[in-house]
Amino acid sequence: MQRTDFKVDTVVIGSGPAGMAAAVAAAEEGAGVCVIEREERPGGILKQCIHDGFGLLQFQEKLTGPEYSYRYLQMVENLQIPVLTKTFLLEIQHKENGFRLILQNESGVFSLNPRAVIYAAGCREKTSRQVFLQGTRPAGVITAGTLQYMINIQGYLPAGKCVILGSGDIGLIMARRLTLEGAEVEGVYEIKSEPSGLTRNVAQCLEDYRIPLHLSHTVTEIHGTERLTGVTVARVDENFKPLSGTEKFVPVDTLVLSVGLIPENDIIESLGVELDSRTSGPVVDQYNMTSLEGLFVCGNALHVNDLVDYVSESGETAGRAAAEYAARGLNHGDSNGKRVNLTPGNGIMYVVPQQWKIPMEEETVFYFRSRETVFRAELEVAAGNQVICREKYPVLRPPEMERLVIEPYLIPPGTKEIQFRLRC
Amino acid sequence: MKRLAGVNKALHRNRLGEIGVEERKNAVRLTGKVDSREQYLKAGYIAAGRGYRGVINDIEVNAGGEGEMNLPSFQDNALEGKHFNVAVVGGGVIGAAIARELTRWNLDIVLLEKEEDLARHASSRNNGVIHPAFAPSPGTNKAYYNCFGNRLFNREAAELGIKIEWPGSMGLFTRRWMRLLMPFIRHRARQNGVRGVEYISPEKLKNLEPHVNRRFWGAVFFPETGNVSPYKLTIAYGENAAANGARVFLQTGVEGFTREQGRITGVQTNRGTFGADVVINAAGLWADRVAEMAGDRYYTIHARRGTIAVLDKKAGPLVNYNLGVLPLADTNTKGGGVTLSVDGNVLAGPTAEEVPRREDYSTSRLDIDFLFQQQMTLNELLRPDHAITYFAGNRACTFEEDFIVEPSPHVENLIHVAGMQSPGLTAVPAVSREVSRKAVDILSSYRNVDPDPGFSPYRKPPIELSRLSLEERSRVIKENPSYGRIVCRCEVVSEGEIIHSLQSPLGVFTLDGIKRRVRAGMGRCQGGFCTPRLVDILAREAGADVRQVRKSGPGSELVLKKTKGEVDYTGFKLKGVPGKKEEENSAADRF
Ligand SMILES: Cc1cc2nc3c(=O)[nH]c(=O)nc-3n(C[C@H](O)[C@H](O)[C@H](O)COP(=O)(O)OP(=O)(O)OC[C@H]3O[C@@H](n4cnc5c(N)ncnc54)[C@H](O)[C@@H]3O)c2cc1C
Ligand SMILES: Cc1cc2nc3c(=O)[nH]c(=O)nc-3n(C[C@H](O)[C@H](O)[C@H](O)COP(=O)(O)OP(=O)(O)OC[C@H]3O[C@@H](n4cnc5c(N)ncnc54)[C@H](O)[C@@H]3O)c2cc1C
């Protein structure tokens, strides 16, 4: 059965795990929801993540990316949520009673006027020049995600012998994938003194395949005019400055970059939404609503996640709240913004959501990352000058996001700020 | 002889006494050996400006040479035995504009470019600023062509369907007393034919350009400063030339000439030797080598690199004018600062650094740091993390630091257009007219040259979705749905625009070619998202295998191997989801 006259009060931008979870949650709350996706097929980045390890939290199973994504697709289908694929969001305008979305697809340009918008556009990869790599600009310099798309979706191998710069998860996974496809990975070079990907990925993707990981090393120069002929690598000091005398030329035809992801918020930034420089995503409250009423953000567009299960969780939060907002307007918090601010203290990189609107009705999930690897860490959460909760962790690592649930009754009335910090 | 003694003495004074000096056909030639590039350059500059036609710097440098000209490695006979009235060597903006200008006449024109596309060197590696003719010293070729080129630009852009903007520029004052220079500035402007200069007080500057660095004491405003996309302009010239009958040969390198009695009779290339009545040397960084091939080398080109950072479009609203520190003399760093682009990005740079290898466009941390610290800071809100990419271009400079636009004094059918450093782009419309007139003069001495009645200066501009209203967009998409499919998400470029760019008369099928024509891959993700899609589109449109798809020249293939058979997703559809186009958006109000 096809619905052709759907009513839309909530629009989700992006059909990755965040967008689909949000759409499902919103529809379950009774919202008239539709999903906009610019690619040919829904699923977001998961379409190309054919390795397993997804879903341990959401489904208590080890799934591949496409399998994980398929579970959500089925829920989307069962709820008959329309997904407009090959449809590109050109612009969002904020109107008195909601939003106006200007969209384009093969049938022309059209607009939708929902009350609530859930922005789940994911993230993009940093490029060579954005990490200030010098030298020439030949073919053969590619980001790990692009490489993953070419190998896994298109079936093209754009690499022979390669160096991988950066030990982020995608880079590690691609080291294994390249090896399995017959390319040679000379080594992974990481500027920091510890890997930035998950420990399990270092073990399963590098150690199992005897791919060397060079910590405190970086690529300093790119060589070659048409195709890459090699890169210069060097050891770095504690300030990440290359140490002269340690440079070495490595002849390779491909440089794979896994040097970080940036939440993709350029379209909503134009609406003047408040951003958090620590996450490069917007500032949100416990409902994942931004500083602009009715605009919700979730998934990697909010902050870069390392587990897709958390991405779905953030989508559900946004979806439920958006549906509620579309139906009844703002009933949580007051628009004057009475709220508690969450701030990262000693040893903490960031905390999301950054705001807890009053009234604080439900327990709320907070995500945070530590700045450095800390063994036997003790986290303190302080409301004003009162410590309201303590948690012990055998180890905290920056690549591994932590999740903490806080009950509202713990917060003393009149609290203005809650700080996450590590006890020294 | 007095001139020669003067050069010798000056070299001695600068401890360069071992260098040999001789006169050669009214030019001065330097020979010998030095240790460093600096000494080589110093000697060249010492010999310049002493009344010679030019400096031939044949000094060897122990530290290393300039690198060889990168010529196409394949051979065929596509040009063998042919004959053209005019052969233009070099498909940069200068050569392409001259070729187009020449098609106004009933002549057979050929444009020869050694790379796989036009504008691969200086013409795609610059700031795209249409300068007011203020910086060049009065009386120089630079001043003359700059002034008239600037005035002709609007018409040129309109004919070619190229976007042009005239935001003007601010020449910033670094010292308080500099406002006292206004009478001199006005005088210089009058001498060079610059119109509309205006003194801007510090307060007014703050109003007009709110984020300008507070250390400046006002500025001079030049309303005649514009911006244009230099590679789109070059390609537009090339396309219009081709549409008017010029033959454009890419991947065609000029390797030598056959000569008889003081004239060129044949042009030797990797694609055969052909006859030409007139040859125009617009070979940019290699103009002196081409001159040598013709037996008429009287100048020497040295490369001065300029590094430029491209800032995110988000920085666009922070800058209203092209900004630079007021040039008080015709220094070698002109143009540096913060400049605008017609595509909404802001550029910072260029730097200026002498480099030995002429086609070495690698960037260095030093240049980037300089750019970030000295140039980007003209505006207080610009930050290094606004940079989405950076690149370098090399200026083709002579030791005289002026343009050479003249028929050869010794080869009767050769015209030199050399030393075209900044403001060479601005000068283009004036230079191309002048050079084509000179070529016609040479031909007219022994035959009739008539205007071509079929010539059309107009080039139909390609559809650019970003320049259309939403209604127009919708109409274009209804006619051709491929314009509805967005391929480059950062720059919002559709498949239709990409396919159209591949159908140009120049027939360039590379990723970089697409990038220069429609900007796909030029945005903040730098092609991360669209490159794989472009590979497929290129292969499909060229009817080639994906393994043949290249980034730029031969050897830059992207896909080395296929890992599996064909995957067909066309049948993929979700159940219960409106998939038909007509039904898809029934809840939507249409344009
Ligand atoms: C290259 C890459 C590889 C990864 N590999 C792993 C991994 O191996 N393991 C792991 O646990 N996590 C991995 N992650 C992280 C994990 O996949 C992400 O956390 C998760 O996919 C994020 O989900 P999302 O819904 O926020 O974004 P995405 O999955 O990126 O989905 C966003 C969707 O929004 C669409 N969209 C965006 N803008 C618009 C617009 N203007 N109009 C219409 N549609 C739009 C996009 O096309 C996309 O389909 C990877 C991430 C990336 C970028
Ligand atoms: C960093 C920088 C910034 C600049 N900014 C500005 C500015 O803002 N405004 C301005 O007005 N000017 C500017 N300029 C100057 C401007 O870019 C040049 O003046 C202009 O591009 C010169 O064009 P051209 O055609 O002479 O050279 P090129 O574009 O270099 O073209 C010469 C062509 O000849 C070809 N060629 C060489 N030898 C052979 C051979 N043997 N056979 C066949 N083909 C051959 C080359 O491949 C090349 O494509 C800038 C220059 C630089 C480097």
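Definitions and cut-offs
- Residues numbered from 1 in each chain as written.
- Chains lettered and ligands numbered in written order.
- Predicted model: local features only at pLDDT ≥ 70, side-chain atom pairs only at ≥ 80, totals over all residues.
- Heavy atoms only, no water.
- Pairing = 2+ DSSP bridges.
- Helix = DSSP H or I, 4+ residues; strand = E, 2+ residues; numbered from the N terminus.
- Axes fitted to C-alpha atoms, helices over the stretch in contact; angles between N-to-C directions.
- Salt bridge = Lys/Arg side-chain N within 4 Å of Asp/Glu carboxyl O.
- Buried < 20%, exposed > 50% of the residue type's maximum accessible area, 1.4 Å probe, protein only.
- pLDDT = per-residue confidence, 0-100.
- Contact = heavy atoms within 4.5 Å.
- Core = buried A, V, L, I, M, F, W, Y, C linked by side-chain atoms within 4.5 Å.
- Near = heavy atom within 4 Å.
- Polar contact = N/O pair within 3.5 Å; in protein donor to acceptor, adjacent residues only side chain to side chain.
- Areas by Shrake-Rupley, 256 points an atom, 1.4 Å probe, with all protein chains shown as cover.
- Nonpolar A, V, L, I, M, F, W, Y, C, P; charged D, E, K, R; others polar.
- Arc of directions from axis to C-beta.
- Buried area = accessible area lost by both parts, 1.4 Å probe.
- Patch = residues over 30% accessible without salt bridge, like charges linked within 9 Å, V, L, I, M, F, W, Y side chains within 5 Å.
- Lys, Arg positive; Asp, Glu negative; His and termini not counted.
- Charge placed at Lys NZ, Arg CZ, Asp CG, Glu CD.

The next thing to look at is the sheet that holds strand E30 (residues 386–396) of chain A. Strand pairs in the sheet, formed through backbone hydrogen bonds, run parallel or antiparallel to each other. All names here are of chain A. Read from one edge of the open sheet, five strands run E27-E25-E32-E29-E30, paired in mixed fashion. Either end of the sheet is taken by a strand with one partner, and the two such strands are strand E27 (355–357) and E30. Geometrically, the sheet is characterised by an average inter-axis angle of 15° between neighbouring strands, direction not taken into account. The sheet contact formed by strand E29 (residues 374–383) and strand E32 (residues 417–422) spans five bridges and is antiparallel. Opposite Glu380, over in E32, you have Arg421 as the bridge partner.

Once that is clear, we can look at the pattern of salt bridges. All names here are of chain B. Under the defined criterion, the tally for this structure stands at 71 salt bridges over all chains. Among the salt bridges present, the one from Asp369 reaches Arg365, with a minimum N-O distance of 3.2 Å. Highlighted residues: Asp369 and Arg365, both in helix H9 (residues 365–375), separated by four residues, approximately one helical turn. Overall, the relative accessible area of 41% leaves Arg365 in the partly exposed class. For Glu495, the salt bridge identified is with Arg540, shortest N-O distance 2.7 Å. Taken together, the positions of Glu495 in helix H12 (residues 495–502) and Arg540 in helix H14 (residues 531–542) put the pair 45 residues apart, joining distant regions of the chain. Under the relative-accessibility criterion, Glu495 is labelled buried at 8%. The exposure class assigned to Arg540 is partly exposed, which follows from its relative accessible area of 47%.

This paragraph deals with the confidence of the model for chain B. All names here are of chain B. Averaged over every residue, the pLDDT of chain B is 93; the share at 70 or more is 94%. Confidence drops under a pLDDT of 50 for residues 572–591, and excluding neighbours within four residues, the segment shows 56 contacts in the predicted structure. Here the predicted complex carries an ipTM of 0.94, next to a pTM of 0.92.

Tracing the sequence through the fold places B:Ser552 in the loop between H14 and strand E28 (561–562). Among all residues touching B:Ser552, those that are not within four sequence positions of it are A:Glu226, B:Glu116, B:Arg120, B:Thr510 and B:Asp512.

For the rest of this paragraph, the subject is the nonpolar core. Residue and element names in this part refer to chain B. Grouped together as the largest cluster of nonpolar side chains are 50 residues, with contacts concentrated most on Val86, Ile94, Leu102, Ile280, Val417 and Val431. Those elements that place two or more of their residues in this core are strand E6 (83–89), helix H3 (93–102), strand E7 (109–112), helix H4 (141–160), helix H7 (230–243), strand E17 (272–281), strand E25 (414–418) and helix H10 (424–444). Of all the elements, H10 adds the most residues to this core, at 10 residues. The residues touching Val86, leaving out its near neighbours within four places in the chain, are Leu102, Leu107, Asp108, Ile109, Val110, Val278, Ile280 and Leu443.

What follows covers the site of ligand 1. Residue and element names in this part refer to chain A. Around ligand 1 lies a shell of 33 residues, among which Ala18, Glu37, Ile45, His51 and Asn300 are the nearest. Here an oxygen atom of ligand 1 sits 3.3 Å away from a polar atom, N or O, in the main chain of Pro17. In this structure, an oxygen atom belonging to ligand 1 sits 2.3 Å away from a side-chain N or O atom of His51. The protein chains hide 95% of the 980 Å² of surface that ligand 1 would expose on its own. Here the residues of the shell around ligand 1 sort into 17 nonpolar, 12 polar and four charged.

Moving on, we get to the site of ligand 2. Residue and element names in this part refer to chain B. In the vicinity of ligand 2, 41 residues are found, and the nearest of them are Glu113, Ser123, Val129, Met420 and Thr426. Within the backbone of Val254, one N or O atom sits 2.9 Å away from a nitrogen atom of ligand 2. Between an oxygen atom of ligand 2 and a main-chain N or O atom of Gly424, the distance comes to 3.5 Å. Residue composition of the shell around ligand 2, grouped by class: 17 nonpolar, 19 polar and five charged.

Residues and elements named next belong to chain A. Residues of helix H5 (residues 199–206) that are buried: Asn201, Val202, Cys205 and Leu206. Angularly, the buried residues of H5 cover 105° about the axis, an arc narrow enough to put them on a single face. Where H5 is buried, its residues meet helix H4 (169–180), strand E15 (184–190) and strand E16 (213–215).

Facing the 65 residues of chain A at the interface are 71 residues of chain B. Across the interface of chain A and chain B, roughly 6100 Å² is buried in total on both sides, 53% from carbon and sulfur atoms. If you sort the residues of chain A by the area they bury against chain B, A:Glu106, A:Phe132 and A:Glu226 come out on top, with a joint share of 11%. Along the contact surface separating chain A from chain B lie seven salt bridges. A salt bridge links A:Glu39 to B:Arg533, with the nearest nitrogen and oxygen atoms 3.3 Å apart. At seven residues, the largest contribution of residues to the side of chain A that touches chain B is made by helix H3 (residues 144–154) of chain A. Class assignment for the residues of the side of chain A that touches chain B results in 28 nonpolar, 19 polar and 18 charged. Taken together, the two bridges between strand E13 (residues 156–157) of chain A and E28(B) define a ladder with antiparallel strand orientation. Its bridge partner being in E28(B), A:Leu157 is matched across the sheet by B:Lys561.

Glancing now at a negative patch on the surface. Residue and element names in this part refer to chain A. Taken together, the side chains of Glu361, Glu362, Glu363 and Glu407 define an acidic patch exposed on the protein surface. With respect to the helices and strands, the residue Glu363 is situated in the loop between E27 and strand E28 (364–370). Accessibility expressed as a relative area gives 49% for Glu363, which makes it partly exposed.

Bringing the sheet that holds strand E26 (residues 348–352) of chain A into the picture now. All names here are of chain A. Read from one edge to the other, the open sheet built from three strands follows the order E26-E28-E31, with strand pairing classed as antiparallel. Edge positions in the sheet fall to E26 and strand E31 (402–406), since each has one partner strand and no second. Pairwise comparison of adjacent strand axes, ignoring direction, gives a mean angle of 25° for this sheet. As paired elements, E28 and E31 share five bridges and run antiparallel to each other. Note on E31: the bridge partner recorded for Phe366 is Leu404. Here helix H7 (residues 308–328) sits on the sheet in contact with E28 and E31, set at roughly 140° to E28.

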